[in-house]
Amino acid sequence: QVQLVESGGGLVQPGGSLRLFCAASGRTFSTFAMAWFRQAPGKEREFVAAIDWSGGTGDSMTGRFIIPRDNAKNTLYLQTNNLKPEDTAVYYCTADPTYWTVVAGGGTYWGQGTQVTVSS
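Residues numbered from 1 in each chain as written. Predicted model: local features only at pLDDT ≥ 70, side-chain atom pairs only at ≥ 80, totals over all residues. Heavy atoms only, no water.

Peer 1: Could you give me a rundown of the overall build of the protein, with the residues and numbers involved?
Peer 2: The secondary structure content of the protein amounts to one helix and 12 strands. When its helices and strands are written in sequence order, the protein yields β-β-β-β-β-β-β-β-β-β-α-β-β. In summary, the protein has a C-alpha radius of gyration of 13 Å against a globular reference of 14 Å for 120 residues, a match within 12%. For the C-alpha atoms alone, the extent of the protein along its principal axes is close to 40 × 30 × 25 Å. Counting every position in the protein, which comprises 120 residues, the buried fraction comes to 45%. If you sum the accessible surface of the protein, you get close to 6,000 Å²; carbon and sulfur atoms cover 50% of it. Considering the protein, the positive charge centre built from 9 side chains and the negative charge centre built from 9 side chains are found 5 Å apart. (Helix = DSSP H or I, 4+ residues; strand = E, 2+ residues; numbered from the N terminus. Rg over C-alpha atoms; globule rule 2.2 N^0.38 Å. Buried < 20%, exposed > 50% of the residue type's maximum accessible area, 1.4 Å probe, protein only. Areas by Shrake-Rupley, 256 points an atom, 1.4 Å probe, with all protein chains shown as cover. Lys, Arg positive; Asp, Glu negative; His and termini not counted. Charge placed at Lys NZ, Arg CZ, Asp CG, Glu CD.)

Peer 1: Account for the packing of aromatic side chains, with residues named and values stated.
Peer 2: By the definition in use, this model includes five aromatic pairs. Ring geometry for F21 versus Y77: centroids 5.5 Å apart, planes at 70 degrees, classification edge-to-face. You can see F21 sitting in strand β3 (residues 18-24) and its partner Y77 sitting in strand β9 (residues 75-80), a full 56 residues away along the chain. Accessibility expressed as a relative area gives 10% for Y77, which makes it buried. Where F37 meets F47, the ring centres are 5.7 Å apart and the plane angle is 80 degrees; that geometry is what we call edge-to-face. One end of the pair, F37, is in strand β4 (residues 33-39); the other, F47, is in strand β5 (residues 46-51), with 10 residues separating them in the sequence. (Phe/Tyr/Trp six-rings, centres within 6.5 Å; stacked < 30°, edge-to-face > 60°.)

Below you can see the structure in the form of structure tokens.
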């Protein structure tokens, strides 16, 4: 069992940056592929970024978002830069033993989400 808790969201002006955190419980964090998804009001959930267990393979929807992880701290991050109003959404982290499963949105474990609002 893995529990995921996101934090770091908030209100930021266009062009600003935020660093989101996903803290994971359990000893198996380092064996899981991880990803971030987001969902804006009235829209489908969409893929943001993913990283495999070792940090050697990753994907991102945009070069403005970077997804580092620290296995020693059981923490996944999402560094968001040059934020735009269309980035406003609830951001969720997810985990699964299989990289392509987590990329496809089929992760076994999900957090409760953290709100990011980009507005002037």
